Amino acid sequence: MEVRDVRHSYRRRTVLRGVDLHLRPGVVAGIVGENGAGKTTLMKILAGELRPGHGTVHHRGRFGYCPQRAVLNDALTVRQHLHFFRAAFRLTHVRHAEGIMSALGLASHVDERAGELSGGTRQKLNLTLALMHDPQVLLLDEPYQGFDWDTYRRFWELAARLRDAGRSILVVSHLAYDTERLDELWTLSGGLLRPGAVDAQ
Ligand SMILES: Nc1ncnc2c1ncn2[C@@H]1O[C@H](COP(=O)(O)OP(=O)(O)OP(=O)(O)O)[C@@H](O)[C@H]1O
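Residues numbered from 1 in each chain as written. Predicted model: local features only at pLDDT ≥ 70, side-chain atom pairs only at ≥ 80, totals over all residues.

The protein appears in an unreviewed UniProt entry as ABC transporter from Streptomyces caeruleatus.

## Quick word on the site of the ligand
In the neighbourhood of the ligand, the contacting residues comprise Tyr 10, Arg 13, Val 15, Gly 33, Asn 35, Gly 36, Ala 37, Gly 38, Lys 39, Thr 40, Thr 41 and His 174. At the level of elements, strand S2 (13-22) and helix H1 (39-46) are the ones that each hand at least two residues to the shell around the ligand. At three residues, H1 tops the list of elements feeding residues into the shell around the ligand. Residues that form the shell around the ligand fall into these classes: three nonpolar, seven polar and two charged. (Near = placed C-beta within 6 Å. Helix = DSSP H or I, 4+ residues; strand = E, 2+ residues; numbered from the N terminus. Nonpolar A, V, L, I, M, F, W, Y, C, P; charged D, E, K, R; others polar.)

## Notes on the domain arrangement of the protein
Taken domain by domain, the protein consists of domain 1 (1-61 + 136-201) and domain 2 (73-133). Distance between the C-alpha centres of domain 1 and domain 2: 23 Å. Partitioning the side of domain 1 that touches domain 2 into residue classes produces five nonpolar, three polar and two charged. (Domains from an automatic or database assignment.)

## Some details on the sheet that holds strand S6 (residues 137-141)
Spatially, the six strands line up as an open sheet ordered S5-S6-S7-S3-S8-S9, and their pairing is mixed. Single-partner strands in this sheet number two, and they are strand S5 (63-66) and strand S9 (192-195). Put simply, the sheet's adjacent strands are angled 20° from each other on average, direction ignored. Relative to S6, S5 runs parallel, the two sharing four bridges. In the sheet register, Phe 63 faces S6, and the bridge partner there is Val 137. (Pairing = 2+ DSSP bridges. Axes fitted to C-alpha atoms, helices over the stretch in contact; angles between N-to-C directions.)

Listed below in structure tokens is the structure:
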């Protein structure tokens, strides 16, 4: 993924002032920044959900996006979500999704309705849906919100496996812990991306 000189303002409030980013295959990268730094704005632009005021975003191949808030239908079960997204992604089966569900500990909830799931379990489903078409580039906005410790560890093991298989993962968080799990770390501050965890701790 190649991001060049992305700028964005909401009315008179300038949030991004010229963001550049090159995400190589087989890398887990993190972007940290304070509340309101513009992380979600940047993710929405990278995902194509928001058009930037200026700049370009290029990516090749399949693309996955896990937004901060789970976009689920409360009336549908976990299994029904899988089949809905299988059709949307034009997949022939959900075997890959089933593997992710076991890795995250979601498989036992397959017949429960999304509206009855706990917050952390909803987030596991959110992540499974973003991953089930095996994207080459995966954007995750605060992906481990609500995860218990075991799930949090499983999440990072899954991220490492995907990275080793050549996928690129970009994780956005307001916390800079666990930076040793990242191959690259950037801080969004003052509307610009800078290498390292400058003032995010
Ligand atoms: N739709 C919008 N209209 C106007 N201002 C907005 C809009 N969305 C975000 N903002 C403002 O843009 C700035 C950046 O917001 P954004 O949600 O991108 O930050 P963030 O780094 O993701 O924050 P957090 O860590 O709290 O999630 C904030 O000052 C916010 O108030």
